[in-house]
Amino acid sequence: MEMRWEEAVADSLPADVSHAFGVFDKTLCGIQAGGMSPSDYWWLPERESACGVCREAAVMIDERWPPALRGEDAGQRCPAAG
C-alpha cells in the first residue's frame, strides 16, 4: 500500500495534511477540487501528516486485492495487466 498512491496536489488543499490522489479530481477521502492532480511523489500513509480517512480508504482498497497481488509490482504480476 505504501507505493500505490500519489500525493494529491491542488491549491485548495491544506498544506499541513497530505492526501492520496484518487480519481476524477478527488482524494481517497472524497475531497474534490478543480485542477487537482497527482504529484510526482508518493503519498505515504505512515507519515504523521497523512490524512487518516485517506489511509482508511487505502487500507480498505488494498484488502480487496488477493495477497499475492498487493506488492509494489502487483500490476506486473496481475494476469489482467498482460
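As a starting point, this report considers the structure included with it. (Residues numbered from 1 in each chain as written. Predicted model: local features only at pLDDT ≥ 70, side-chain atom pairs only at ≥ 80, totals over all residues. Heavy atoms only, no water.)

**Some remarks on the overall build of the protein**
Okay, so step 1: Across its full length, the protein holds two helices and two strands.
Okay, so step 2: Secondary structure elements of the protein occur, N-terminal to C-terminal, as β-β-α-α.
Okay, so step 3: Expressed as a percentage of contacts within the protein between residues at least 6 apart in sequence, the contacts between residues at least 24 apart total 51%.
Okay, so step 4: About 5,500 Å² of surface is accessible on the protein, with carbon and sulfur atoms providing 54% of the total. (Helix = DSSP H or I, 4+ residues; strand = E, 2+ residues; numbered from the N terminus. Contact = heavy atoms within 4.5 Å. Areas by Shrake-Rupley, 256 points an atom, 1.4 Å probe, with all protein chains shown as cover.)

**Thoughts on the side chain of Ser18**
Okay, so step 1: Inspection of the secondary structure assignment puts Ser18 in the loop between strand S1 (6–9) and strand S2 (37–42).
Okay, so step 2: Looking at Ser18, the relative accessible area reads 5%, which means it is buried.
Okay, so step 3: Every residue in contact with Ser18, bar those within four places of it in the chain, is listed here: Glu7, Trp43, Ser49, Ala50 and Cys51. (Buried < 20%, exposed > 50% of the residue type's maximum accessible area, 1.4 Å probe, protein only.)

**With respect to the environment of Ala33**
Okay, so step 1: In this structure, Ala33 sits in the loop between S1 and S2.
Okay, so step 2: Relative accessible area serves as the criterion here: at 10%, Ala33 is assigned to the buried category.
Okay, so step 3: Excluding anything up to four places from it in sequence, Ala33 contacts Ala10, Ser12 and Asp25.

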